[in-house]
Amino acid sequence: MAKRSSARPTAKTKRTDSAKTADLEANIEESAGALLTSNQGVPVNDDHNSLKAGDRGPSLLEDFLLREKITHFDHERIPERVVHARGSGAHGYFELDHSLTKYTRAAFLQTTGSRTPVFVRFSTVAGSRGSTDLARDVRGFAIKFYTEEGNFDLVGNNMPVFFIQDAIKFPDLIHAVKPEPHNEIPQAASAHDTFWDFISLTPESAHMIMWVMSDRAIPRSFRMMEGFGVHTFRFLNAKGESTFIKWHLKPTLGMKSVLWDEAQRISGCDPDFHRRDLWEAIDSGNFPEWQVGVQLIPEADEHKFAFDLLDPTKIVPEELVPVTPIGRLVLDRNPDNFFAEVEQVAFHTGHIVPGMDFTNDPLLQGRLFSYTDTQLIRLGGPNFHEIPINRPVAPLHNNQRDGFMRQMINRGVTSYDPNTLGGGDPRQAKIAQGGFASHAERLDAAKVRARSPSFSDHFSQAAMFFHSQSAVEQRHIINALRFELGKCAQQSVRERVLYLLSQIDDALAKGVADGLGVLVPKKIEGYLNQNFGADADPKTVQPKKFTGKSHDSPALSIMRSAKPGMQTAKIAVLLADGFDEAGVKAVSQAISAAGGEAKIIAPRGGMATGDKGTELKVDFSLPTVCSVVFDAVYVAGGESCVAVLQGETRAVEFVEEANKHCKAIACSGTAEAFLASTRVQASIEAGDVAVVLGHSSPKQMASAFVEAISNHRNWERESLTLPNG
Ligand code: HDE
């Protein structure tokens, strides 16, 4: 018999950089140097032809190789997630730098310097698996911590509040935002009647609407957005004492967003923009990083705030309870296989470890049911915890048995507890041995289907968010609402939303109404807040318009908390043969010294030759890229280079688009005449600080350019280029 062992792949060095990576090694398959086999391990001699009765005859049923391959292919797809279907993921670690022993006995939060492996999945909510990354939407930010005491999942979002207060409304919300049922339009967009119809009748959504219409809904990168656990959770220390907590993640690169006009263009040019950005950053060693923090609220302070800590439409402003930094989250490894890891990862708010517990937030309570339930249909049975990406690195022993696709081979005769025949094992863990124990919360209440009156202020935090934004960000919110409602066909829907907005801020409502060409209604006939049930007294349940003075929370604004910097920014260097080498060299050096990345764009691919004869490799030809996937543009000088660019419509569009989106633009020498012949001239005339020209030396020009890029965008230009959004 032929020896096959030599044809088996040579085992690569085992990766052991984290306990989870080492654990996943058992399932890694590499085909290098191997023979092709069937699923039964039988070597295949001909994978190109099916078995036939004669070479021009029909295929034979006996062809087990054909049947196996086709059958497997037919079953390759699993249902996509009902929400958060579009996502990307990465491996990494959480490193603790502030021990939380005082508040929790969770083992991974005790020893500073300790590292816990994590897998993170980012997502949009409404779109299907293949939809664009740049939808105006909430982003999911789900983290699986593989701790030594079992898995802890923090299933959060990039916004700290939610649309609804009670889980029973979730199917309604999602039905309203998903494509409309009669024609399945629109994909990955909330700009349609059913969503705004629902919102107009759901005043508790007002605060979340402010967030989701803000620039937070169109991040520049997953690496540049915040993360939040949303609900109030509990920590429990070794004495069983409870502290309320809220999770926060702040990106080291700072927060950055794109413009809506830009987002729409990116969706066409590169619908994988965020996925690609995450992959490339990790691949090139620019590991995404967040500071992880918690707001700690003593039990005694539960009722001290003007809002209810259990209400997921409210935040605890950072100015009232500061965020205590506790460590950092770093993503340093791309998945080996998208399906096996990103698609099959199963998060669950109910995956917590000893030292943690839930609160009675009615949204969280519903989620505690939903996440196991959804995996049962999506991953096909109760053994999804055995899928490699989901299995804990902590030991797992219990009496749960069997079911579809069971991997574990349980030895012994007992699968029940208590038992003597198995020696009594596995045994319950005492608390001192690390056993999980729930918080003994005192409850004394009637069983009611009701909402707490403490959940009835819907507008003051919405107003706080709006009032805490910079003028530019407020304009973006207004423009976003003009776009979304402008896409609604029903006038009644628009009017009800305008009325809702007028309960937050009159100027906000008027700004939106002006763009729509509609008046803000003073009153809506028959309008009733239904979230207290059908028998509620309208007089007592109608939420009150916000009239007070808002608390100012700068942390809510991206622009007011922005930090300058251009780490990992992507800069387009637009050139053609004959380019001015001195300028290109100075700019490329300054960009890489500041942590950015220059990409050479030319009318055609291959090599471009400079004015001194140096050849440069072209990264992208003009027809294959758009300006929107870059953070800034430099146009190279050089007479013949500029002459070529001037004759290229795409080159003109490229700089004009960068100009429209308020990006830094620089050029040297003869390229100034090129810019002056485009729409950039209007910005030049307006004295725009982010259009860099007229410098005596290439070095000076390059450093002014880097400074302009570090400020992200020149928003002042927007009123010139995109006055209506
Ligand atoms: Fe989810 N959510 N959700 N959600 N959610 C799901 O679970 C659900 C909510 C969030 O990358 C589903 O495995 C209900 C809030 C993220 O795999 C499902 C309610 C927040 C992800 C589900 C909420 C989230 C999900 C679909 C209201 C922010 C993606 C697939 C009570 C704190 C996780 C899945 C991933 C996914 C239910 C509300 C975050 C159906 C019932 C609030 C990041 O179980």
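Source: prediction; values computed, not measured. (Residues numbered from 1 in each chain as written. Predicted model: local features only at pLDDT ≥ 70, side-chain atom pairs only at ≥ 80, totals over all residues.)

### Details of the UniProt feature "domain: Catalase core" (unreviewed entry) in the protein chain
Note the cut-off: UniProt positions are given in the numbering used here, feature names are shortened, and annotations may be inferred rather than shown by experiment. Comment: elements are numbered from the N terminus, with helices defined as DSSP H or I runs of at least four residues and strands as E runs of at least two.
With numbering matched to this structure, UniProt assigns "domain: Catalase core" (unreviewed entry) to residues 37–425. Within the segment residues 37–425, helix and strand shares are 20% and 19% respectively, and the terminal C-alpha atoms sit 41 Å apart.

### Concerning the environment of R367
As a reminder, the rule being used: Put simply, a residue is buried when 20 or more other C-beta atoms lie within 10 Å of its own C-beta and exposed when 12 or fewer do; between those, it is partly exposed, and each C-beta is set from the backbone. Two residues qualify as being in contact provided that their C-beta atoms, derived from the backbone, are within 7 Å of each other.
Here R367 lies in helix α9 (residues 362–378). By C-beta crowding, R367 is classed as buried, having 20 other C-beta atoms within 10 Å. With 18 residues separating them in the primary sequence, R367 and T349 have C-alpha atoms 6.7 Å apart. Filtering out sequence-adjacent residues up to four positions away, R367 remains in contact with A167 and T349.

### Looking at helix α6 (residues 260–269)
Those residues of α6 that fall on the buried side of the exposure criterion are W260, E262, A263, R265 and I266. Among the structural elements, α7 (273–283) and α11 (471–486) are those in contact with the buried residues of α6.

### Some points on the pairing of strand β3 (residues 139–147)
It is a general feature of regular strands that their side chains alternate between the two faces of the sheet. Rules: Strand pairing requires that DSSP identify at least two bridges connecting the strands.
Across the 9 residues of β3, 9 count as buried, placing the element largely inside the fold. Of the two faces of β3, the one holding R139, F141, I143, F145 and T147 and the one holding G140, A142, K144 and Y146 are both buried throughout. Across 7 bridges, the pairing between strand β2 (residues 115–124) and β3 is antiparallel. Within β3, the position partnered with F119 by the bridge is K144. Here β3 folds back onto strand β4 (residues 150–157), and the loop between the two strands holds 2 residues.

### Some details on the sheet that holds strand β18 (residues 691–692)
Adjacent strands of a sheet pair through backbone hydrogen bonds, lying either parallel or antiparallel. Rules: The angle between two axes is taken between their N-to-C directions and runs from 0 to 180 degrees, where each axis is a line fitted to C-alpha atoms and a helix contributes only its stretch in contact.
Strand order in the open sheet made by the 6 strands is β15-β12-β11-β16-β17-β18, with parallel pairing throughout. Two strands close off the open sheet at either side, each with one partner strand: β15 (620–621) and β18. Sheet analysis places strand β11 (residues 570–574) next to strand β16 (residues 632–635), joined by 4 bridges and oriented parallel. Residue pairing in the sheet places A572 in a bridge with V633 of β16. Where helix α17 (residues 649–660) meets the sheet, its contacts fall on β11, β16 and β17 (664–667), and the angle it forms with β16 comes to roughly 135°.

### Overview of the packing of helix α12 (residues 491–502) against helix α13 (residues 506–516)
Heads up, the rule is: Our angle categories are set so that under 35 degrees counts as roughly parallel, over 145 as roughly antiparallel, 65 to 115 as roughly perpendicular, and the remainder as oblique. Put simply, Ala, Val, Leu, Ile, Met, Phe, Trp, Tyr, Cys and Pro go in the nonpolar bin, Asp, Glu, Lys and Arg in the charged bin, and everything else, Gly too, in the polar bin.
At their nearest, the axes of α12 and α13 sit 7 Å apart, and the two run at 155° to each other. Between α12 and α13, the crossing angle belongs to the class labelled roughly antiparallel. Contact residues: α12 offers R494, L498, L501 and S502, while α13 offers D506, L508, A509, V512, A513 and L516. In the contact of α12 with α13, the residues fall into 7 nonpolar, 1 polar and 2 charged.

### Some details on unusual backbone geometry
Residue P186 follows I185 across a cis peptide bond; omega there is -5°. For P186, the position within the fold is in the loop between α3 (170–177) and α4 (193–200). Each neighbour pair has its own omega, and for D425 with P426 the value is -5°, a cis peptide bond. With respect to the secondary-structure elements, P426 resides in the loop between α9 and α10 (460–468).

### A few points about the domain arrangement of the protein chain
Rules: Note that the domain bounds reflect an automated or database-derived domain assignment.
For the protein chain, the assigned domains are domain 1 (87–214 + 221–386), domain 2 (457–556) and domain 3 (570–721). Facing 9 residues of domain 1, the contacting portion of domain 3 comprises 6 residues. Residues that form the side of domain 1 that touches domain 3 fall into these classes: 4 nonpolar, no polar and 5 charged.

### Overview of α7
Rule in force here: Working definition: the arc comes from the directions between the helix axis and the C-beta atoms, pointing outward to the latter.
Buried within α7 are the following residues: F273, H274, D277, L278, A281 and I282. Buried positions in α7, seen along its axis, are confined to an arc of 155° and lie on one side of it. Contacts from the buried residues of α7 go to β1 (87–96), α6 and β9 (324–333). Positive phi shows up at G285, right after α7, with a value of about 85°.

### Quick notes on the site of the ligand
Quick reminder of the rule: For each residue, a C-beta atom is placed from the backbone, and the residue is labelled near a molecule or strand when this atom is within 6 Å of it.
In the vicinity of the ligand, 25 residues are found, and the nearest of them are H84, R121, G140, A167 and V230. Of all the secondary structure elements, the ones that give two or more residues to the shell around the ligand are β2, β3, β4 and α9. Considering each element in turn, the shell around the ligand owes the most residues, 6 residues, to α9. In terms of residue class, the shell around the ligand is made up of 13 nonpolar, 9 polar and 3 charged.

### Quick look at the UniProt feature "active site" (unreviewed entry) in the protein chain
Here the UniProt-annotated "active site" (unreviewed entry) positions come out as H84 and N157. A compact arrangement is adopted by the annotated residues: their sequence extent is 74 residues, whereas the largest C-alpha distance between any two is 10.5 Å. With respect to the element layout, H84 can be found in the loop between α2 (64–74) and β1. With sequence-adjacent residues up to four places away left out, H84 is seen in contact with S123, V125 and G140.

### Remarks on the environment of V83
One can find V83 in the loop between α2 and β1. Residue V83 is classed as partly exposed on the basis of its C-beta count, with 19 C-beta atoms lying within 10 Å. Sequence spacing of V83 and A126 is 43 residues, and the spatial spacing of their C-alpha atoms is 6.0 Å. Once you skip the residues sitting within four places of it in the chain, V83 turns out to touch V125 and I174.

### Things to note about the packing of α4 against α12
Filter applied, for reference: Handedness of each helix crossing follows the sense of rotation of the near helix against the far helix: counterclockwise by less than a right angle gives left-handed, clockwise gives right-handed.
It is the contact of α4 with α12, at a shortest axis distance of 9 Å, that shows an interaxial angle of 40°. Viewed along their axes, α4 and α12 adopt a mutual orientation that is oblique. The crossing of α4 and α12 is left-handed. Here α4 contributes D193, W196, D197, I199 and S200 to the contact with α12, which in turn contributes V493, R496, V497 and L500. Of the residues in the contact of α4 with α12, the class split is 5 nonpolar, 1 polar and 3 charged.

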